[in-house]
Amino acid sequence: MASRGLPRALRMARVAAPRPVVSTALPRPALAKAARAAVPRMAVNAPVRGVKTMAFADSKETVYERDDWPRAKLQEYFKNDTLALIGYGSQGHGQGLNLRDQGLNVIVGVRKDGASWKEAVQDGWIPGKNLFDVNTAVEKGTVIMNLLSDAAQSETWPTLRPMITKGKTLYFSHGFSPVFKNLTNVDVPKDVDVILVAPKGSGRTVRSLFREGRGINSSIAVYQDVTGKAKERAIAMGVAVGSGYLYETTFEKEVYSDLYGERGCLMGGIHGMFLAQYEVLRERGHTPSEAFNETVEEATQSLYPLIGANGMDWMYAACSTTARRGAIDWSSRFRDNLKPLFNELYDSVAAGKETQRALDYNSQPDYRQKYEKEMQDIRDLEIWRAGKAVRSLRPENQK
Ligand SMILES: NC(=O)c1ccc[n+]([C@@H]2O[C@H](COP(=O)([O-])OP(=O)(O)OC[C@H]3O[C@@H](n4cnc5c(N)ncnc54)[C@H](OP(=O)(O)O)[C@@H]3O)[C@@H](O)[C@H]2O)c1
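All of these numbers come straight from a predicted model, not from anything done at the bench.

Once that is clear, we can look at the side chain of arginine 233. Following the sequence through the fold, arginine 233 ends up in helix H11 (residues 230-240). Leave out the neighbours within four places in its chain, and arginine 233 touches Tyr77, Asp81, Val143, Thr169, Asp193 and Ile195.

Regions with low pLDDT should not have their predicted coordinates read in detail. Confidence in the prediction of the protein chain, expressed as mean pLDDT, is 89, and 87% of residues score 70 or more. For residues 2-47, every residue scores under 50 in pLDDT, and the model assigns this stretch 63 contacts once sequence neighbours within four places are set aside.

To continue, consider the sheet that holds strand E6 (residues 143-146). Here we have 10 strands laid out as an open sheet, ordered E1-E2-E10-E9-E8-E7-E6-E3-E4-E5, and mixed in their pairing. For this open sheet the edge positions go to strand E1 (52-56) and strand E5 (131-132), each flanked by a neighbour on one side alone. Inspection of the sheet shows strand E9 (residues 216-224) paired to strand E10 (residues 243-248) by five bridges, in the parallel sense. Among the inter-strand pairings, serine 219 is bridged to a residue of E10, identified as tyrosine 247. H11 rests against strand E2 (59-65), strand E3 (83-86), E6, strand E7 (169-172), strand E8 (193-199), E9 and E10 of the sheet, and its axis sits at about 30° to E8.

Secondary-structure assignment places asparagine 362 in helix H17 (residues 353-362). Reaching out from asparagine 362, the side chain makes a polar contact with the side chain of tyrosine 371 at a distance of 2.8 Å. In this view, asparagine 362 contacts Ala151, Tyr367 and Tyr371; residues no more than four positions away in its chain are not counted.

Structurally, arginine 368 can be placed in helix H18 (residues 367-380). Sequence-distant contacts of arginine 368, defined by excluding residues within four places in its chain, comprise Ala115 and Ser116.

Next up on the list: the site of the ligand. Taken together, 24 residues form the shell around the ligand, and within it Gln91, Arg111, Ser116, Asp150 and Arg368 come nearest. Tyrosine 88 places a main-chain nitrogen or oxygen 2.8 Å from an oxygen atom of the ligand. Note that an oxygen atom of the ligand is positioned 3.1 Å from one of the backbone N or O atoms of serine 149. Summarising the interface, the protein chains cover 82% of the accessible area of the ligand, which totals 890 Å² for the free molecule. Elements with a contribution of two residues or more to the shell around the ligand: helix H4 (90-101), helix H5 (115-122), helix H7 (150-160) and H18.

Under the defined criterion, the tally for this structure stands at 16 aromatic pairs. Put simply, the rings of Phe176, Phe180, Tyr256, Tyr260, Phe342 and Tyr346 touch in pairs and so form one group of aromatic residues. We note lysine 73 situated over the ring of tryptophan 69; from NZ or CZ to the ring centre the distance is 4.0 Å. For arginine 100, the ring lying beneath its charged end belongs to tryptophan 125, and the centroid distance is 4.5 Å.

Along E10, five of the six residues are buried, which leaves the element largely enclosed by surrounding structure. Inspection of the sheet shows E2 paired to E10 by three bridges, in the antiparallel sense. Among the inter-strand pairings, glutamate 65 is bridged to a residue of E10, identified as tyrosine 245. Taking the sense of rotation as the criterion, the β-α-β connection linking E9, H11 and E10 turns out right-handed.

Ranked by internal contacts, the top residues of the largest apolar core, which has 33 residues, are Leu83, Leu99, Met145, Tyr171 and Met237. Those elements giving two or more residues to this core turn out to be E3, H4, strand E4 (106-109), H5, E6, E8 and H11. Grouped together as the second largest cluster of nonpolar side chains are 24 residues, Phe132, Leu160, Met163 and Ala221 included.

The residue aspartate 113 is not glycine, and still its phi comes out positive at about 65°. Relative to the helices and strands, aspartate 113 is located in the loop between E4 and H5. Residue class for aspartate 113 comes out exposed when judged on its relative accessible area of 54%. Non-glycine residue asparagine 185 carries a positive phi angle of around 65°. Mapped onto the elements, asparagine 185 comes out in the loop between helix H9 (181-184) and E8. For asparagine 185, a relative accessible area of 53% gives the class exposed.

Calculation criteria
- Residues numbered from 1 in each chain as written.
- Predicted model: local features only at pLDDT ≥ 70, side-chain atom pairs only at ≥ 80, totals over all residues.
- Heavy atoms only, no water.
- Helix = DSSP H or I, 4+ residues; strand = E, 2+ residues; numbered from the N terminus.
- Contact = heavy atoms within 4.5 Å.
- pLDDT = per-residue confidence, 0-100.
- Pairing = 2+ DSSP bridges.
- Axes fitted to C-alpha atoms, helices over the stretch in contact; angles between N-to-C directions.
- Polar contact = N/O pair within 3.5 Å; in protein donor to acceptor, adjacent residues only side chain to side chain.
- Near = heavy atom within 4 Å.
- Areas by Shrake-Rupley, 256 points an atom, 1.4 Å probe, with all protein chains shown as cover.
- Phe/Tyr/Trp six-rings, centres within 6.5 Å; stacked < 30°, edge-to-face > 60°.
- Lys NZ or Arg CZ within 6 Å of the ring centre and 35° of its normal.
- Buried < 20%, exposed > 50% of the residue type's maximum accessible area, 1.4 Å probe, protein only.
- Right-handed = clockwise from strand over helix to strand, strands pointing away.
- Core = buried A, V, L, I, M, F, W, Y, C linked by side-chain atoms within 4.5 Å.

As structure tokens, this is what we get:
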């Protein structure tokens, strides 16, 4: 399919009412732009706006934003706190470095001399000063940020629970452990606030967007409010770890939608769709490069960024009338055929089957080696080997 330049009507509309420049490399919702245009940036000492209610399609929702929590205010708010971040995977890395750059008192707790310990040392965390084993960090912390893998949260809970004492705050980035407590055994102590900040993206993006002076979208939620301040703390923590906009949800809604989305359109579903399309093209005699370009390269380099920037109609409008006609006709066929599978997936999430699978698999001592083998199997697929060759031709990859 050949995409083409913007049709004349759209080009004219753009001239008449210029849209804000949007990075197609890292698209973010129109919300951020609309909000910024609607509300002037506040001075550091101006009164706090707090809540912003916005219409998303036909629903009114509440959004909190970074501009209400400038760095000086965060430092004042957390001046008596030790933020103990345990686990240094993708989220631990991104959130931890952002907290450190915000000038907050943050310490990291990981298994001594494990892969994360080494990575933390490389990132400048100093053993005995702000890098400790997990138990020591939890003892020292007032806000316990549980960023261990979800399986490890369950495994370590019997040891950690007694150290999460009255007055501390328990923080998660996924509702997984408390929501599925029947499977994880993570029964939170009754006398602490329990909050969630779940960045909607990889920890690497949490870090890169923060460094660019932007912020990732995150969900926030309160599971237990003992002090009456849990929501405020969730918002402050959300901004502190590098979020731009915070969307309110519940622990349960967060974990259901997240487990569902990553198995669906975000990762599993899209990989499955790429494979199915590629395999049919190859079986019908197309070359690997043609099959890859028509399945992945054009999608990621040309069309998906257009969807990210301005929506599906914007992408359709940028393509030929032939392409548009066929895509409109076939999209409903795909939706109708895939919807039963998505319902099956949601049922599996809600029944706890996906949780049990993650706990069983990721608590094996050799889970990292097993994943590495699966990643190697993916790298070895013809589609991704063809992709490597296609990418090597990009100007930025030429020596
Ligand atoms: N990654 C994302 O994109 C993302 C996005 C939003 C929310 N989240 C949530 O954020 C949390 C952290 O996820 P993540 O992806 O950053 O990390 P992860 O890769 O799932 O977990 C890695 C961390 O867990 C530690 N760990 C594993 N088994 C352990 C054990 N038995 N005892 C002690 N430590 C153990 C690892 O330490 P070692 O190196 O010592 O093994 C490492 O520091 C999860 O709740 C996840 O659902 C993740």
